[in-house]
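Examination of the molecular architecture
The lines below spell out each chain.
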Amino acid sequence: QVQLVESGGGLVQPGGSLRLSCAASGSISSRNTMGWYRQAPGKQRELVATMHSTGSTSYGDSVRGRFTIFRDDPKNTVYLQMNRLKPEDTAVYYCNLWGDFSDYWGQGTQVTVSP
């Protein structure tokens, strides 16, 4: 079993920055993909960014060039650096880990971008 604990959400003004963290614990496969998804009210959950243990990354179109995902594997932690935030980035951000054919989710952290 794997547990994911997110931190770093909050309220920020448009144009500002936030960094999200997600620490994984438990039986973690050495080959895995960690990442972030988000869900805004009334919308489906969407990809923000993922990063495989080999280093390959994937970004959603709406965040590419503004957000950066990176990992600290000794700490089993994935980060999401969010810059130039926009009101439309407001959502609950969920951490995800995929490994050994299993899918794990964190409880989510709220990010609100508002003047």
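A few points on the structure. (Residues numbered from 1 in each chain as written. Predicted model: local features only at pLDDT ≥ 70, side-chain atom pairs only at ≥ 80, totals over all residues. Heavy atoms only, no water.)

Sheet architecture is open: four strands sit in the order β1-β3-β8-β7, paired in antiparallel fashion. Every other strand in the sheet has two partners, leaving β1 (2-7) and β7 (67-72) as the edge strands with one partner each. Strand-to-strand twist in this sheet, taken as the mean axis angle between neighbours without regard to direction, amounts to 15 degrees. Bridge count between strand β3 (residues 18-26) and strand β8 (residues 77-82): six bridges; the pairing is antiparallel. Across the sheet, L18 pairs through a bridge with M82, a residue of β8. (Pairing = 2+ DSSP bridges. Helix = DSSP H or I, 4+ residues; strand = E, 2+ residues; numbered from the N terminus. Axes fitted to C-alpha atoms, helices over the stretch in contact; angles between N-to-C directions.)

The buried count for strand β9 (residues 91-99) comes to seven of nine residues, which makes it a mostly enclosed element. Bridging between strand β4 (residues 33-39) and β9 involves seven bridges; their strand directions are antiparallel. Across the sheet, residue R38 finds its bridge partner in β9, namely Y93. Both β9 and strand β11 (residues 109-113) contribute to a ladder of three bridges, which runs antiparallel. (Buried < 20%, exposed > 50% of the residue type's maximum accessible area, 1.4 Å probe, protein only.)

In this section: the pattern of salt bridges. A full pass over the atoms with the stated rule returns five salt bridges. The salt bridge partner of D61 is R64, with a shortest N-O separation of 2.9 Å. A cluster of three or more residues bridged by salt bridges with shared partners is formed by R38, E46, R66 and D89. (Salt bridge = Lys/Arg side-chain N within 4 Å of Asp/Glu carboxyl O.)

Tallied over the entire structure, the rule returns two aromatic pairs. Between Y37 and W105, the aromatic rings sit 5.2 Å apart at their centres with planes inclined by 65 degrees, giving edge-to-face as the arrangement. Within this pair, whereas Y37 is found in strand β4, its partner W105 is found in strand β10 (residues 102-105), the two being separated by 68 residues in sequence. Each ring, one from F70 and one from Y79, has its centre 5.0 Å from the other, and the planes form 20 degrees; the classification is stacked. One cation-aromatic arrangement involves R45 over Y94; the distance from NZ or CZ to the ring centre is 3.8 Å. (Phe/Tyr/Trp six-rings, centres within 6.5 Å; stacked < 30°, edge-to-face > 60°. Lys NZ or Arg CZ within 6 Å of the ring centre and 35° of its normal.)

Without other data, these values stay purely geometric and don't point to any function.
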